[in-house]
Amino acid sequence: MRIEGRTALLLLTPALGLMAVLYVVPLAVYLVNGLHAFRDGRIVPVWTLETTRRFFADPFSYRVIWASLRLSFIVTALTLGIGYPLAYALHTRVARPGARVVTGLLLFSPLVVSVVVRTYGWLILLADRGLVNTLLRQAGLIQAPLGLLFNLTGVVVSLTHILLPFAVFPIYSVLSRLDWTLAEAARDLGADWQQVFVRITLPQSMPGVVAASLICFTLSLSAFVTPQLLGGGRVQVLPLDVYNSTVEINWPEGAVAATVLLVLSLAAVWTLGRALRLVSAA
Amino acid sequence: MALSGGAPVEVRHLLKRFGTTAAVDDVTFTVGGGEFFSLLGPSGCGKTTTLRVIGGFERADAGHVLIDGRPMGQLPPNRRETYMVFQRLALFPHYHVFDNVAFGLRMKRLPEVEVRRRAREALALVRLEGMETRRISELSGGQQQRVALARALVNRPRVLLLDEPLSALDLKLRLQMQEELKRLQRELGTTFIYVTHDQGEAMAMSDRVGVMDAGRLLQVGTPLDIYERPQTPFVAHFIGDANLIQGTVDALEPRTIAVRAGALRIHAHRDGWERLGAPISVCIRPERVWVAAAGDSAGGLRGRIEDRAFVGQAVKYRIDVDGLPLRASVPYRSGTPLFAVGETVAVGWDAGQAVPVPADGGGFEHADVADRRDLRPAGPASA
Ligand SMILES: Nc1ncnc2c1ncn2[C@@H]1O[C@H](COP(=O)(O)OP(=O)(O)OP(=O)(O)O)[C@@H](O)[C@H]1O
Ligand SMILES: [Mg+2]
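Residues numbered from 1 in each chain as written. Chains lettered and ligands numbered in written order. Predicted model: local features only at pLDDT ≥ 70, side-chain atom pairs only at ≥ 80, totals over all residues. Heavy atoms only, no water.

Caption draft 1: The arrangement of the overall build of chain A in detail. On a plain count of helices and strands, chain A comes out with 13 helices and 2 strands. Its C-alpha atoms put chain A at 75 × 75 × 30 Å along the principal axes. Every one of the 282 residues in chain A was classed for burial, and the buried ones make up 40%. Restricting the contact set of chain A to residue pairs at least 6 apart, pairs at least 24 apart contribute 68%. For chain A, the exposed area adds up to about 15700 Å²; of that, 71% sits on carbon and sulfur atoms. Side-chain charges of chain A comprise 20 positive and 12 negative groups, with the mean position of each set lying 3 Å from the other. (Helix = DSSP H or I, 4+ residues; strand = E, 2+ residues; numbered from the N terminus. Buried < 20%, exposed > 50% of the residue type's maximum accessible area, 1.4 Å probe, protein only. Contact = heavy atoms within 4.5 Å. Areas by Shrake-Rupley, 256 points an atom, 1.4 Å probe, with all protein chains shown as cover. Lys, Arg positive; Asp, Glu negative; His and termini not counted. Charge placed at Lys NZ, Arg CZ, Asp CG, Glu CD.)

Caption draft 2: Here's a closer look at the environment of T256 of chain B. Along the polypeptide, T256 of chain B turns up in strand β12 (residues 256-261). When sequence neighbours within four positions are dropped, the list of residues in contact with T256 of chain B reads H267, A268, H269, R270 and A351 of chain B.

Caption draft 3: Local environment of the coordination of the magnesium ion (ligand 2). Looking at the magnesium ion (ligand 2), one finds its protein donor set to be T48 of chain B (OG1) and Q87 of chain B (OE1), positioned 1.8 to 2.4 Å from the metal centre. You can see T48 of chain B sitting in helix α1 (residues 47-55) and its partner Q87 of chain B sitting in the loop between β6 (82-85) and α2 (97-107), a full 39 residues away along the chain. (Donors = N, O, S within 2.8 Å, 3.2 Å for Na, K, Ca; no water.)

Caption draft 4: Region of the structure containing the domain arrangement of chain B. The assigned domain composition of chain B is domain 1 (9-228) and domain 2 (241-382). For domain 1 of chain B and domain 2 of chain B, the distance between their C-alpha centroids amounts to 37 Å. (Domains from an automatic or database assignment.)

Caption draft 5: Structural context of the sheet that holds strand β1 (residues 9-18) of chain B. Residue and element names in this part refer to chain B. Here we have 4 strands laid out as an open sheet, ordered β2-β1-β4-β5, and antiparallel in their pairing. The outermost strands of the open sheet, each flanked by one partner alone, are β2 (21-31) and β5 (70-71). For β1 and β2, the ladder comprises 8 bridges, and the chain directions are antiparallel. If you follow E10 over to β2, its bridge partner there is T30. Each of β1, β2 and β4 (62-67) touches α1; the most contacted strand, β1, lies at about 120° to it. (Pairing = 2+ DSSP bridges. Axes fitted to C-alpha atoms, helices over the stretch in contact; angles between N-to-C directions.)

Caption draft 6: Looking closely at empty space enclosed by the protein. All names here are of chain A. Taken as a whole, this structure holds 2 cavities of 30 Å³ or more when the rule is applied. Its volume calculated, the largest cavity comes out at about 50 Å³. For the lining of the largest cavity, the secondary structure elements donating two or more residues are α8 (181-188) and α9 (193-204). Split by residue class, the lining of the largest cavity holds 5 nonpolar, 2 polar and 1 charged. (1 Å grid on protein atoms, 1.4 Å probe; cavity = no way out; pocket = protein on both sides within 12 Å on 5 of 7 lines; lining within 4 Å. Points joined across faces, edges and corners; volume = space filled by probe spheres on them. Nonpolar A, V, L, I, M, F, W, Y, C, P; charged D, E, K, R; others polar.)

Caption draft 7: Seen up close, the site of ligand 1. Residue and element names in this part refer to chain B. F18, A23, P42, S43, G44, C45, G46, K47, T48, T49, Q87 and E164 make up every residue found near ligand 1. K47 is positioned with one of its side-chain polar atoms (N or O) 2.8 Å from an oxygen atom of ligand 1. In this structure, an oxygen atom belonging to ligand 1 sits 2.5 Å away from a side-chain N or O atom of T49. When isolated, ligand 1 has an accessible area of 630 Å², and the protein chains bury 57% of it. Element by element, the count of residues in the shell around ligand 1 is highest for α1, at 3 residues. Residues of the shell around ligand 1, tallied by class, amount to 4 nonpolar, 6 polar and 2 charged. (Near = heavy atom within 4 Å. Polar contact = N/O pair within 3.5 Å; in protein donor to acceptor, adjacent residues only side chain to side chain.)

Caption draft 8: The arrangement of the sheet that holds β12 of chain B in detail. Residues and elements named next belong to chain B. The 5 strands are arranged β13-β12-β11-β14-β20 in an open sheet whose pairing can be described as antiparallel. Across the chains shown, the open sheet's two edge strands, defined by having one partner strand only, are β13 (264-269) and β20 (355-358). Here the average twist between neighbouring strands, direction ignored, is 50°. Judged from the 6 bridges that link them, β12 and β13 form a sheet pairing that is antiparallel. What sits directly across from A261, in β13, is L264.

Take a look at the structure:
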């Protein structure tokens, strides 16, 4: 037992060390700034709640928080809405193992490309004179170009695309571990395949759905590059707020915004973690 | 529960392959309405596969299944009158016990009052009252098996397919549930197709038994028939204990045959299909073998006791008869003389109790024949 404990510690040391040096320490050092003040363009290292109070007194802060949550909710809902049927089809309809591997690779291929490159790709595609608008206009479907860029739509489309594999993978992996004799039993008891899906498959795959939600929601909440490049300044979310404040050397305000972001993420993790425990208690 | 009247089931020349191996190989049998029919055989012989084809879970490569005279074709399980108790139970882990049992009734959109009444009844039937709100994971293996039974029975099936439904129970509960199931089956008049690899269970419960091996149905008959008249060495071995002596037919007499097996010449019952000079096996049940002190016996063979085991109601001997290993099971009452290991004894049997069995590969063309007198080939009949 003791040896096992020591071995575990030994195995965990590199990871724990890395976390401490690269994550916990800098994060703490940065967040501590939230307890300092920012006056006349300078950080004043006194212990005060002044910055926090100012952040929460500013209506703009609430707009930013709301924008972040809204973006995360929309993107999560969309990735689940697209990802679940995809995972389901991948599991039930793509029977040949070879075809499954290829589909999986296609699905994950966006992750191979750097976020920045991919986002600039979207710029070309979604611009007023980009591929989508040109095609729609030539087809006579629209007169004026749709505003697909530099607003929420562009950010949502892009984030949904990027995060899709993160939704598909956990759902697919749960589906592929499901006991399919349960579906057979339900069929035997008179259920048609829609009823089997609603009463058996969907409830049984909820752990995958919750895990997918957790990943997509927290990644959307902390997404920076996409809102920055595709939001055109109109999508003011918390990570942008943190970034802008920090660039302006207003570390205290950035730190407060970062703390709020962290709390929101932790709240999401906690809520969905509880949900996961609830749905997998069965 | 109301009588539902079991439907007859007919399986014709069923063939099911997985890859290149035939899991079910040209299987044909008929089950009467309300009959308790068992499929018996060793692990991997194709019992589950046969049942799954009947239930509509597996598509046959050839052959037909008829229920109540109607060909099932590709009808999905939810459109068949069969209900299945699965080998791996397949209970719904996200529902509690009651909702598992009520599932089939809710699919039929019965009024909730009726659903409750019937589900309670079914739970009482399998002695699980008070467990309604338990989760499946909170039940013992035996309790889970009883939920699986209740979940199928509650639908008053006309044909119930049971895949080793009692295998997770301890001996006492298993015997109790065997009686219970048998009683239920008789009262409900349901057709039962019952899969098991436990020959005792099959013998005790069934009206008729089908013995399978390696995808083939070797023999169908009443338990008594199969025990008394095994048609292949496999069946003889699989059902009960058997001494199987191989030899060639040496003489045909009006009621008996003589078989030469090595240095021995033994006598067995004559069925009529035996041919002079042909290879044959003779099946002698250990309890039909008598053992006596070497001196005071008029007839019999000489043998040496190799091993002795006292099992309560009987004494089991392993005897060497001129190189032929023979097992005997002698009923024990207090005072019955016991023979010691190494002792020379006289052994024998009534020729009428020694059953001729076609040697593997020879003999009968079809297994699915209850009365083998029909199959008597025209052999050289001797007076
Ligand atoms: N889905 C499948 N794919 C490939 N082979 C299968 C499949 N199902 C069954 N088999 C094979 O078919 C044969 C018969 O299997 P089956 O499950 O019918 O046996 P069984 O008599 O029910 O055995 P047991 O008593 O162990 O349950 C076995 O050799 C098995 O390996
Ligand atoms: Mg089986």
